[in-house]
Each structure stands twice: as structure tokens, then as C-alpha cells.
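Observations on the model geometry
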Amino acid sequence: MHPFTIVVHGGAGTILKEDMTPALEKAYREGLQQALDIAYAVLEEGGSAVNAVKAAIVVLEDNVLFNAGKGSVFTKKGVQEMDAAIMEGTGLEAGAVAGVRSVRNPIELATEVMQNSNHVFLSGKGANDFAIKQGVKLEPDEYFFSQFRYDQWKAIRDSDNYSLDHTNHQLDELLRDKKFGTVGAVACDQQGHLAAATSTGGMTNKKYGRIGDSPMIGAGTYANNQTCAISCTGHGEMFIRSVAAYDVSCLMAYKNLSLEAAMQEVVHQKLVAMEGEGGMIGVDAQGIPAMVFNSAGMYRGVRSSKGLNEVAIYKSE
Ligand code: ASP
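Residues numbered from 1 in each chain as written. Predicted model: local features only at pLDDT ≥ 70, side-chain atom pairs only at ≥ 80, totals over all residues. Heavy atoms only, no water.

Remarks on the site of the ligand
- Looking at the ligand, there are eleven residues lining it, with T182, R210, D213, T233 and G234 nearest.
- Between the ligand and the protein, one listed contact pairs an oxygen atom with a side-chain N or O atom of T233 at 2.7 Å.
- Protein contact buries 100% of the 270 Å² of open area that the ligand shows by itself.
- Taken together, the residues of the shell around the ligand break down into one nonpolar, eight polar and two charged. (Near = heavy atom within 4 Å. Polar contact = N/O pair within 3.5 Å; in protein donor to acceptor, adjacent residues only side chain to side chain. Areas by Shrake-Rupley, 256 points an atom, 1.4 Å probe, with all protein chains shown as cover. Nonpolar A, V, L, I, M, F, W, Y, C, P; charged D, E, K, R; others polar.)

Considering the packing of aromatic side chains
- All chains considered together, the criterion is met by seven aromatic pairs.
- Each ring, one from F74 and one from F145, has its centre 6.0 Å from the other, and the planes form 80°; the classification is edge-to-face. Linking F74 in the loop between helix 2 (49–61) and strand 2 (82–88) with F145 in the loop between helix 5 (141–144) and helix 6 (147–154), this pair joins segments that are 71 residues apart in sequence.
- For F74, a relative accessible area of 5% corresponds to the buried category.
- Counting every residue linked through ring pairs, the aromatic cluster contains Y28, F66 and Y299.
- The ring of Y143 has K70 sitting right over it, with the charged end atom 4.5 Å from the ring centre.
- A cation sits over an aromatic face here: R303 above Y40, 4.0 Å from the ring centre. (Phe/Tyr/Trp six-rings, centres within 6.5 Å; stacked < 30°, edge-to-face > 60°. Helix = DSSP H or I, 4+ residues; strand = E, 2+ residues; numbered from the N terminus. Buried < 20%, exposed > 50% of the residue type's maximum accessible area, 1.4 Å probe, protein only. Lys NZ or Arg CZ within 6 Å of the ring centre and 35° of its normal.)

Dropping the structure here:
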């Protein structure tokens, strides 16, 4: 049997232990563990990497602590507009959606795009029409409301500022001790097939239909059985400009770097050089995981058939 592995993240940024209560920290760790366990069960039963990453993301989207699905951040207009992508590394099939509203699990919609449309990337109203056609579950606005996200947005809505869920350089003091969390998952299944998925509400107070790296194939999400599966989190603009996820794959393919070395180069050299704060999770075709970030912390976890089973938040864990 090929070794199998699931890795998840719940966002990276200014995550400091002194800003956390024990109860909140416990809730985050439980949320990550739950996503790992559900995806691990899929892989253990011989399920595909695609089904495993999708299952992990659904759990995290349904958890109000994370900035994806329920609990997504507010846009400038005071609504939630969500982005998601999924990719499988065997046939390089991919599906993505951006700026969707009311969709309970944007990752389900991205999967529908991948498996049941001739397209890769749908946006806005068209993506919502496709959701209705495919029977993807919708929810009323109240479902997505969370008091914390509302307060976070209220603090900056009259300004031109927008903020990462977890870090805002202008309003650092105000926002940094709060909840964070774009979510992502990568997996290697018993066939040695890879998949990656990412889902997010994007940045608080975003406007003009801003889209980050999360749903962009090659930037925030990428999978290729020849190299790796990657899901990113952080300041999306820099991840787009550095084509971060695909760059890791390229460094492995063209320079023969290991997954860990390739991720170190992208996160600690290339992204740092352009002040791109954040991190990424990855798994290679041998099922070896890696989790690398240049921020104070990253919600993350890994579980594998080789006995790894851990979740972590801060740098020194
Ligand atoms: N990368 C996401 C975005 O820019 C945000 C995040 O990872 O928290 O939309």
C-alpha cells in the first residue's frame, strides 16, 4: 500500500499565544483535528485524495472559527463573497469559483465545476446560477453572519483599508488578536494520487470584486502527481504575483528540490522579498508532508498512515 497523508491549514498570520484564550485555542485545535480525522477516514477506506481534501474543507467551512463558508469575513458592502478551488494531480483537472454568495460549501461548487462542467473558473452571479442548477446547498444571509467578523468589519468599513483576516498593518492592535482563517487541505491517497483544495472569504472590507490567490490555480492551489499538492494562505496579492503554489512544483520538477526545500525557497526567499506574509501546506507523491510559513503562526495539522497525527498553531511547536 502506498503511504497516505492529509495536511490541513486554517490560515496564517499574526497568531500569538498571548492573544489567545485557552478555550479558543482548544476550539481551533479541535476544529483542525476534526478535519484531519474525517479526511483520514476517507483515505483509510481507500477513498481518493480529491474526496479527502473536499471532506476536510467542508468541515472547516462549516466551522464558524475559520474564514470560509460559515464565518466568512464581510466585504465593503457588508456581505460575504467567497472563493474556492480544488485540483487533482492525476489528470490536472481543476475547478474554481470566485465571489460566490449564499453557497454553504463553496468547495462543493468548485468540485462541481471540476467534475460536471467544461470550465475551470466561474465567478459571481454565473457561478451562483451554476450552483442552483447543480443543486448545491444554499443558505440565507444569517447563516454566514458572525458577530466577531461583523465587529472586525465595523472597525474598518468607513476607511479604505482592507485586511487579511488575521493581520492588518494599519490596525494591527485592533485586529491581530482575533480569529483567523482561510482554509486549505492537501492529500496523497493509497494510489499515490494527489489533490489540493482551498476555500476563503478573502479579506475583510474587500471591494471592487477583489479576488485573492486561493481560487487561482497555480497561485493559491495546485496539484500534480509528478511533484506535489499545495494550498496557500496569506496576503493573496503577493501569492498571485509569485505564482506561489506552481513555483513550488516547478522547483521540484526543474531543479529537483525536495518539497520542503522548494517550499522554504518560495516562502522564506521569494515571498519575503516582496513582503508577502503567509505560508503553505504541501504533500509530495511519496506522501511526505510539509508546512512552511513566514508569519508568527499558521493553524495547521497533519495525519498520515506512517503514524503522524499532530496539530499546531505557533512557530515554536
Ligand atoms: N490568501 C487569502 C486571500 O488573499 C487570505 C488568507 O489566506 O487568509 O484572499
